[in-house]
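Coordinates in review
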Amino acid sequence: MSESIHPLYDKQSQCPFCAHTFTTKKVRSRFTRPIKTDTDFCTLYKHEQYSPLLYVPIVCPDCGYSYTDQFSTLLSEQSRNEITEKLVKRWTPQNYSEERTENNALNAYKLAIYTAQLKKEKAIVIAGLYLRVVWLYRKRKDALQEARFIRLAEEMYKKAYEEDDFFFTEMNALRVLYLIGELNRRLGRNEEAIKYFSLVVEKKQLAFDPKIINMARDGWFQLKDDQKKTANKLLNTGN
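On a predicted model such as this, the values are computed, not experimentally measured, just so you know.

Relative orientation of the contacting elements helix α1 (residues 77-86) and helix α2 (residues 102-119) amounts to 140°, with a least axis distance of 8 Å. Considering their axes alone, α1 and α2 lie oblique with respect to each other. Judged by residue contacts, Ser 79, Glu 82, Ile 83 and Lys 86 of α1 engage Tyr 114, Leu 118 and Lys 119 from α2. By residue class, the composition of the contact of α1 with α2 is three nonpolar, one polar and three charged.

What follows deals with the pairing of strand β3 (residues 34-37). Pairing of β3 with strand β4 (residues 43-45), which is carried by three bridges, proceeds in the antiparallel orientation. Following the sheet pairing, Lys 36 is matched in β4 by Leu 44. Once β3 ends, the chain turns through five residues before running back antiparallel as β4, passing Phe 41 with a positive phi of about 80°.

On to unusual backbone geometry. With a phi close to 70°, Ala 19 is a non-glycine residue in the positive phi region. Here Lys 120, not a glycine, exhibits a phi torsion of approximately 65°, which is positive. You can see Lys 120 is positioned in the loop between α2 and α3 (123-139). Overall, Lys 120 belongs to the exposed group, its relative accessible area being 52%.

This part takes up the layout of surface pockets. Here the largest pocket is characterised by a volume of approximately 690 Å³. Forming the walls of the largest pocket are 26 residues, and the residues nearest its centre are Val 56, Gly 128, Arg 132, Trp 135 and Glu 170. When contributions to the lining of the largest pocket are tallied by element, the ones reaching two or more residues are β4, α3 and α5 (173-186). Top contributing element to the lining of the largest pocket by residue count: α3, with eight residues. Among the residues making up the lining of the largest pocket, the classes are represented as 13 nonpolar, six polar and seven charged.

The next thing to look at is the environment of Asn 214. Summarising the element assignment, Asn 214 is placed in helix α7 (residues 210-238). On a C-alpha basis, the gap between Asn 214 and Phe 197 in space is 9.9 Å, while along the polypeptide they are 17 residues apart.

As defined by bridge partners, strand β1 (residues 8-14) adjoins strand β2 (residues 21-27) across seven bridges and the pair is classed as antiparallel. Opposite Ser 13, over in β2, you have Phe 22 as the bridge partner. If you look at the hairpin formed by β1 and β2, you'll find six residues sitting between the two strands, and Ala 19 has a positive phi there, around 70°.

Counting residues in hydrophobic clusters, the biggest one holds 66 residues, and the most contacted among them are Tyr 65, Ile 124, Tyr 157, Tyr 178 and Val 200. Put simply, the parts of the chain that give this core at least two residues each are β2, α2, α3, α4 (143-163), α5, α6 (190-202) and α7. Filtering out sequence-adjacent residues up to four positions away, Tyr 65 remains in contact with Cys 15, Pro 16, Phe 17, Ile 58, Val 59, Cys 60, Phe 71, Ile 83, Leu 87, Thr 115 and Lys 119. Counting five residues, the second largest nonpolar core, distinct from the first, contains Val 59, Trp 91, Ala 108 and Leu 111.

What counts, and where the lines are drawn
Residues numbered from 1 in each chain as written. Predicted model: local features only at pLDDT ≥ 70, side-chain atom pairs only at ≥ 80, totals over all residues. Heavy atoms only, no water. Axes fitted to C-alpha atoms, helices over the stretch in contact; angles between N-to-C directions. Helix = DSSP H or I, 4+ residues; strand = E, 2+ residues; numbered from the N terminus. Parallel < 35°, antiparallel > 145°, perpendicular 65-115°, else oblique. Contact = heavy atoms within 4.5 Å. Nonpolar A, V, L, I, M, F, W, Y, C, P; charged D, E, K, R; others polar. Pairing = 2+ DSSP bridges. Buried < 20%, exposed > 50% of the residue type's maximum accessible area, 1.4 Å probe, protein only. 1 Å grid on protein atoms, 1.4 Å probe; cavity = no way out; pocket = protein on both sides within 12 Å on 5 of 7 lines; lining within 4 Å. Points joined across faces, edges and corners; volume = space filled by probe spheres on them. Core = buried A, V, L, I, M, F, W, Y, C linked by side-chain atoms within 4.5 Å.

Spatial relationships are all this shows, so hold off on functional conclusions.
Written out as C-alpha cells, the structure reads:
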C-alpha cells in the first residue's frame, strides 16, 4: 500500500435535504483489490478496512438525512414533512465523514434505510441497502442478523420486480430475479430458489447478461443435485 497516497480521500457533498455542504470519505479505486465475490455479489477485498462497501451511504452531519448515489432527487412535500418530523427534529449531530468501522457503516446504512422509507424511495434502492447490510453482517459473522436482512432484501427485491422500475439504477429484471433466487437459496427455501433461477433462464432474452444466466443455471443444477442426493439418502436409510 502506498505510503504517499492515502486510500481514502474527501469528496465534497451537499445535502439534498438541507443544502448543508460537507465532506465524506471515499476509497481510491487503486486500493480496491477484490479477492473473491460471493454468489450474491458480496465482494471480499484485500484491505477490508478500505472496502468501498463501508462508504456507500452519505450522512449529512447537520440534519441526519442519509442517502446514496442511487436515491432520486425528487422529494414530495409529504415526504419532506415526514423527514423533518421523524428524523431532522430528533437528530443529534453526528459525524460519519471520517474513516469508518463496520459498526459505523452499519449505522450509516440503517439511517439511509430509514431515510429511504420516509422518502418513499424506490423498492429497488431499499433492496440494495438491505443487501449491503447482509454483506456487512456476513463479514462480522453474525448469522442471525445476516438471515434477518436477507429476508428483508428478498421481500423488497420481489416488490421491485413487481413494480418493474429499474430506470437510472444499475439493476435489470434478470439480475433482480437472480438475486431473489439466490437469497431464497441462502434462506433454505430451495423450491422458491429453483423457481426464480428457472425464470432467469427462461427470460434470458430480457437482457444480454450471460454471467447472470450462467450463475442461475449453476444455482439451479446445484439445488437439483442436492435434492437428488437427499432423496437417495432418505431412500437408502429407509431400506
